[in-house]
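# Residue-level structure breakdown
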Amino acid sequence: MDRRMFFRLLGLGFAAALSGLLPACSPRESAVEQGNRLKILHRGIGPDLADLDPHLATGPGDHSVLSALFEGLITEDPKDLSPAPGVAERWQVSADGLTYTFFLRGNARWSNGDPVTAGDFLASWKRVLSPTLQADNASLLFPVQGAEAYHRGKTGNFHEVGFAAPDSRTVRITLERPTPYFLNLLQHWVWWPVPVAVALLEKYGPVESRGNRWARPGTLVGNGPFTLKEWRAGQRIVVEKSKTYWDAANVQLNAIHFHTIDDVNAEERAFRAGQLHITEALPLAKIDSYRTNAPDVLRIDPYLGTYFYRINVSLPFLNSVAVRRALSLAIDRTALGRSLLHGGQTPTGTFTPPGTGGYVPPAGITSDPDAARALLAEAGFSGGKNAPPIEILYNNSENHRVIAEAIQEMWRRELGIDARLHTMENKSVLNARSAGNYQVLRSGWIGDYNDPMSFLAIWRSDSGNNYTHWANAAYDRLLYEATRTPDAAARLQILQRAEELLLSESPLIPLYHYTHVFLIQPSVQGWHPTLLDHHPYKHVRLIDTAAP
Amino acid sequence: MFRFFASRLLQSALALLIIITATFFMLRFVPGGPFTAEKAVTPEILRNLEAHYGLNQPLWKQYADYLGSLLRGDFGPSFKYPNRTVNEILGDKLPVSLELGSLSLLLALLMGIPLGIIAATRRNSWIDYCASTFGMTGLSVPTFVVAPLLVLALSIHMGWFNASGWYSPEDRVLPSLVLGFAYAAPISRLTRGGMLEILSQDFIRTARAKGASELRIIFKHCLRGGLLPVVSYLGPAIAGILTGSFVIETIFQIPGLGREFVNSAFNRDYTLVLGTVILYAALIMVLNLAADVAQAWMNPKVRLAR
């Protein structure tokens, strides 16, 4: 073999190796097309879940999977999330608003065929409240009489907690005080039952402790419209239509594949390649391009969350109300919205998003540089003279940086205040927040349930989420008064007064209300814009767009 | 030979202990902990959580306990995933990274070595320039540019492959190609350099004078010496390629160890960080040892028992 021959052969081998890598190169039926045909929904849900146990799940995104596998006493209306019958076919509320009685339907079943009973709910709530389980969301059960005391270990007797089951199909809950949003609260996954009473959990570890391994494929028993089929960590969670679900006849989807894609760019590429019906998010930089080129797949829904800055009011300079108000008034929110927010977010001067549980926020902080300068002068820092520099702390993200830079410039221009930007990785920021080791802190708050209390309660002086050192007795009193006011309209008015007080004291600077920006294939029907991004799956349909 | 292995093994064990100790304590000095979350939990819950995982013990005790469980082969529970252990997670993810790594490595060698040989034997011809261009491109264009471009062309426009995922055999093609390409470039450069050096030596001229065919010269006389630089490069490179690439795994959403390695640090999942670090360190040590042995076998000038 001479040299030329050798190189020819080598080249040939090379080409063969390369072509062997490529499949039969023709476009295939995409996952979305196949899904439309077989009624399989492909949904991107962001990072993988830590656990499928509804009592231990913490992330807001966990709801997307858990709501397929479990169902509480009540469910949500697909359009406005108002309470709809779930395991309970009906319920009664006593005149004083303190006692809720739920009547369970006879045909509610666990996925192993056992009936779902009142005892299941009680055993589940006992588990959530047990101090040993360390359920992050246990506090959502605190409106119930004696629940907090039981959770804090002040009593070991669960009978003292306001839960009762007069018979196997009746659940009675007695509250500590009237809680007008109690039915909204019940929609949170921490209230959903797990099969404790049917002695399933104890096979896989201690029931009221972490590390129980029941919530895995093969062993997870749920009562929702779907059952768990597969969970490949870091890839996907597959659920299939449940045969035992009481309303199975109305469930239109045969399966849902939840794709745990933790990179928004990868998710967007997967959507374009036809692998996903719905994405969890969309990279900010791509929103404008979709708006122009593919508006039919772009969706911007309102979302129950607020982007704001916390102010550490324990520090000199920032402990002055006038200074804090000046900082807030000096921000041109319209300009922020026009040039920096591409996802349709609404710039805001209030904390609670309008419409939360029928609530109308007060007038809020407007943009008024003249008033801001006057306030600063009143506080003795006219034109920013003698004002110490302020540090804005945020976790590293492009989005936070551009907003912080804009605000830095507005404070410099309008008030003559020197703001410095400081960025850290997320957990370090959270640590600085707990330690009170910040001046101005970039923050966000997502409501747990659709009621203004989910927002306003964090500013109570005893709230673990306050972090600003701002404590105001009048504010606490107003919130207390609101919880004691049975009349819904009067209660909302009290909350409005509370928020007015909060904003006038400005321990926070509201900036904008979130939106949920995502991509969705036209074949998905029944995916309504809801404030909490909840979409009861039994109302979701897929139409076969390719069918003639 | 035995003394060489024994001393290397001892050195490695010591290095591993230092790595474990440093990682263990450095992790604890980083602000924030596994249960630092966006929304506050009650102090009772936090206390109970810390007690459950033994985080309320003095640090030296936690360290001693950790070493103890390591000796039993137990990497402990994951803090982030309450119902999974670190052993399970590593057992899940390592095979994925190994598979991707082996495929990429195979591709890298198949592309890099022939290209390097051709470039060396046809020095300053168009084929040499092509190979050099390939080498420079591979070195200078990062994978996070190549990968999305390939996805754009072959997944989104042609519809041949999935843009991400790790389910079917087709899903292996794009990630292996991109990662293989990144490693093929330096391999082809090193092969070319090594071959050129050998080709210019007297014994090659002698072989040619004696009428040996070009193939015989390349494969019999040149290759063994010419590949030495590649072999010493491959030790650490294989460790890097097998333990996964954060970038490739993120772009293609591959459930490998590389992503876990980075994310566990962000999550402050102490045990998972330690588990991945120990695994990486051990792999690198073993592969470096293997590279040393291979080099000694290929090059009589290197002696194991020095």
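These remarks concern the structure in this document. Keep in mind that this is a model prediction, so the values were computed, not measured.

### Remarks on the overall build of chain A
Along the backbone of chain A there are 16 helices and 18 strands. Taken against the 2.2 N^0.38 rule, which gives 24 Å for 548 residues, the C-alpha radius of gyration of chain A at 27 Å falls within 12% of a compact globule. Across the 548 residues that make up chain A, the buried fraction comes to 57%. Put simply, of all contacts in chain A between residues at least 6 apart along the chain, 70% involve residues at least 24 apart. Surface accessibility of chain A: about 21300 Å² in total, with carbon and sulfur atoms responsible for 51%. Where the 53 positive side-chain charges of chain A centre and where its 55 negative ones centre are 4 Å apart.

### Thoughts on the sheet that holds strand β10 (residues 255–259) of chain A
Residues and elements named next belong to chain A. One open sheet accounts for 4 strands, arranged β1-β10-β9-β8; its pairing is mixed. Each end of this open sheet is capped by a strand with a single partner; those strands are β1 (40–44) and β8 (226–232). Averaged over all pairs of adjacent strands, the angle between strand axes in this sheet comes to 20°, irrespective of strand direction. Bridge count between β1 and β10: 5 bridges; the pairing is parallel. Within β10, the position partnered with G44 by the bridge is H259.

### As for the packing of aromatic side chains
This structure, assessed with the given rule, holds 35 aromatic pairs over all chains. Ring centres 4.8 Å apart and planes at 5° place the aromatic pair Y181(A) and Y449(A) in the stacked group. Of this pair, Y181(A) sits in the loop between β7 (170–174) and α6 (182–185) while Y449(A) sits in the loop between β15 (440–446) and α14 (453–456); the two residues are 268 residues apart in sequence, bridging distant segments of the chain. For Y181(A), a relative accessible area of 10% translates into the label buried. Among the residues examined, Y449(A) registers a relative accessible area of 9% and is labelled buried. Seen from their ring centres, F35(B) and F79(B) are 6.0 Å apart, and the 65° between their planes marks the pair as edge-to-face. Here F35(B) is found in the loop between α1 (2–29) and α2 (43–52), whereas its partner F79(B) is found in the loop between α3 (59–71) and α4 (86–121), with 44 residues between them in sequence. F79(B) shares its class with F35(B); the two are buried. Against the face of F103(A) rests R90(A), its NZ or CZ located 4.1 Å from the ring centre. We note R28(B) situated over the ring of F24(B); from NZ or CZ to the ring centre the distance is 4.7 Å.

### Section: the sheet that holds β15(A)
Residue and element names in this part refer to chain A. A sheet is described by the order of its strands in space; here 6 strands give the open sequence β12-β16-β11-β15-β13-β14, paired in mixed fashion. The sheet is open, and its two borders are formed by β12 (346–347) and β14 (419–424), each paired with just one other strand. Here strand β11 (residues 298–311) pairs with strand β16 (residues 508–519) via 10 bridges, running antiparallel. From the neighbouring strand, I300 faces β16, where its bridge partner is V517. Sitting on the sheet, helix α12 (residues 398–415) touches β11, β13 (390–395), β14, β15 and β16, and the angle it makes with β13 is about 165°.

### Describing the pattern of salt bridges
All names here are of chain A. Counted according to the given criterion, the structure contains 37 salt bridges over all chains. Across the salt bridge formed by R169 and E89, the nearest N and O atoms sit 3.8 Å from each other. You can see R169 sitting in the loop between β6 (163–167) and β7 and its partner E89 sitting in strand β4 (residues 88–93), a full 80 residues away along the chain. On the basis of relative accessible area, E89 is assigned to the partly exposed category, the value being 37%.

### Topic: the interface of chain B and chain A
Opposite the 63 residues of chain B that make contact, chain A presents 62 residues. Between chain B and chain A, the buried area comes to about 5600 Å², and carbon and sulfur atoms account for 55% of it. On the chain B side of the interface with chain A, the three residues burying the most area are N83(B), W160(B) and Y167(B), jointly 13% of the side's total. Counting every contact that joins chain B to chain A gives 6 salt bridges. E88(B) is the salt-bridge partner of R213(A), the closest N and O atoms lying 3.1 Å from each other. For the pair chain B and chain A, the number of links is 21 residue pairs in polar contact (both at pLDDT 80 or more). Mapped onto the side of chain B that touches chain A, the elements with two or more residues apiece are α2, α4, α6 (143–157), α7 (173–199), α9 (214–226), α11 (246–251) and α12 (257–267) of chain B. With 9 residues, α4(B) is the largest single contributor of residues to the side of chain B that touches chain A. Residue composition of the side of chain B that touches chain A, by class: 33 nonpolar, 17 polar and 13 charged.

### Thoughts on the packing of α4(B) against helix α5 (residues 126–140) of chain B
Residues and elements named next belong to chain B. Orientation of α4 relative to α5, taken along the N-to-C sense of each, is 140°, at an axis distance of 8 Å. Relative to α5, α4 is oriented oblique. α4 and α5 meet at a crossing whose hand is left-handed. For the pair α4 and α5, the contacting residues are M111, L115, I118 and A119 in the first and I127, D128, A131 and F134 in the second. Of the residues assigned to the contact of α4 with α5, the class counts are 7 nonpolar, no polar and 1 charged.

### Some details on a nonpolar patch on the surface
Residues and elements named next belong to chain B. Taken together, the side chains of F144, V145, L149, L152, F246 and V247 define a hydrophobic patch exposed on the protein surface, amounting to about 490 Å² of accessible area. Here the element with the most residues in the nonpolar patch is α6; it accounts for 4 residues. Along the polypeptide, L149 turns up in helix α6.

### Some words on the environment of G235(B)
Residue and element names in this part refer to chain B. Mapping G235 onto the fold places it in helix α10 (residues 228–242). For the pair G235 and E214, spaced 21 residues apart in sequence, the C-alpha separation works out to 30 Å. Residues within four places of G235 in sequence aside, it is in contact with L287, N288 and A291.

### Quick notes on α3(B)
All names here are of chain B. Spanning 13 residues, α3 covers 19 Å between terminal C-alpha atoms, matching the ideal 18 Å at 1.5 Å per step. Regarding α3, the residues found buried are Q62, Y63, Y66, S69 and L70. For α3, the buried positions fall inside an angular range of 130° around the axis, keeping them on one side. Facing away from the buried side of α3, by more than 90 degrees, are the exposed residues W60 and L71. Residues of α3 that are buried make contact with α1 and α13 (270–298). Just beyond α3, the residue with positive phi is G73, at close to 80°.

### A closer look at the nonpolar core
Counting residues in each nonpolar core, the largest one holds 106 residues, and the members touching the most others are L52(A), F102(A), W125(A), F163(A), I173(A) and W191(A). Looking at which element gives the most residues to this core, the answer is helix α4 (residues 118–129) of chain A, with 6 residues. Ignoring sequence-local partners within four residues, the contact set of W191(A) consists of F121(A), W125(A), L140(A), L141(A), V144(A), F163(A), I173(A), F182(A), L185(A) and L186(A). By size, the runner-up hydrophobic cluster in this structure holds 56 residues, among which are V146(B), A147(B), M195(B) and L196(B).

### Describing the side chain of R299(A)
Residues and elements named next belong to chain A. Along the polypeptide, R299 turns up in strand β11. At 3.0 Å, the side chain of R299 forms a polar contact with the side chain of D301. For R299, the residues in contact, after removing those within four places along its chain, are H516, V517, F518, I520, W527, H528 and P529.

### Brief notes about the pairing of strand β9 (residues 236–241) of chain A
Residues and elements named next belong to chain A. In this sheet, β9 lies alongside β8 in antiparallel orientation, the contact comprising 6 bridges. If you follow E230 over to β9, its bridge partner there is V238. Here β8 folds back onto β9 in antiparallel fashion, the turn holding 3 residues, of which G234 has a positive phi close to 75°. Pairing geometry for β9 and β10, over 5 bridges, is antiparallel. Note on β10: the bridge partner recorded for I237 is F258.

About the criteria used
- Residues numbered from 1 in each chain as written.
- Chains lettered and ligands numbered in written order.
- Predicted model: local features only at pLDDT ≥ 70, side-chain atom pairs only at ≥ 80, totals over all residues.
- Heavy atoms only, no water.
- Helix = DSSP H or I, 4+ residues; strand = E, 2+ residues; numbered from the N terminus.
- Rg over C-alpha atoms; globule rule 2.2 N^0.38 Å.
- Buried < 20%, exposed > 50% of the residue type's maximum accessible area, 1.4 Å probe, protein only.
- Contact = heavy atoms within 4.5 Å.
- Areas by Shrake-Rupley, 256 points an atom, 1.4 Å probe, with all protein chains shown as cover.
- Lys, Arg positive; Asp, Glu negative; His and termini not counted.
- Charge placed at Lys NZ, Arg CZ, Asp CG, Glu CD.
- Pairing = 2+ DSSP bridges.
- Axes fitted to C-alpha atoms, helices over the stretch in contact; angles between N-to-C directions.
- Phe/Tyr/Trp six-rings, centres within 6.5 Å; stacked < 30°, edge-to-face > 60°.
- Lys NZ or Arg CZ within 6 Å of the ring centre and 35° of its normal.
- Salt bridge = Lys/Arg side-chain N within 4 Å of Asp/Glu carboxyl O.
- Buried area = accessible area lost by both parts, 1.4 Å probe.
- Polar contact = N/O pair within 3.5 Å; in protein donor to acceptor, adjacent residues only side chain to side chain.
- Nonpolar A, V, L, I, M, F, W, Y, C, P; charged D, E, K, R; others polar.
- Parallel < 35°, antiparallel > 145°, perpendicular 65-115°, else oblique.
- Left-handed = near helix turned anticlockwise from the far one by under 90°.
- Patch = residues over 30% accessible without salt bridge, like charges linked within 9 Å, V, L, I, M, F, W, Y side chains within 5 Å.
- Expected span 1.5 Å × (residues − 1).
- Arc of directions from axis to C-beta.
- Core = buried A, V, L, I, M, F, W, Y, C linked by side-chain atoms within 4.5 Å.

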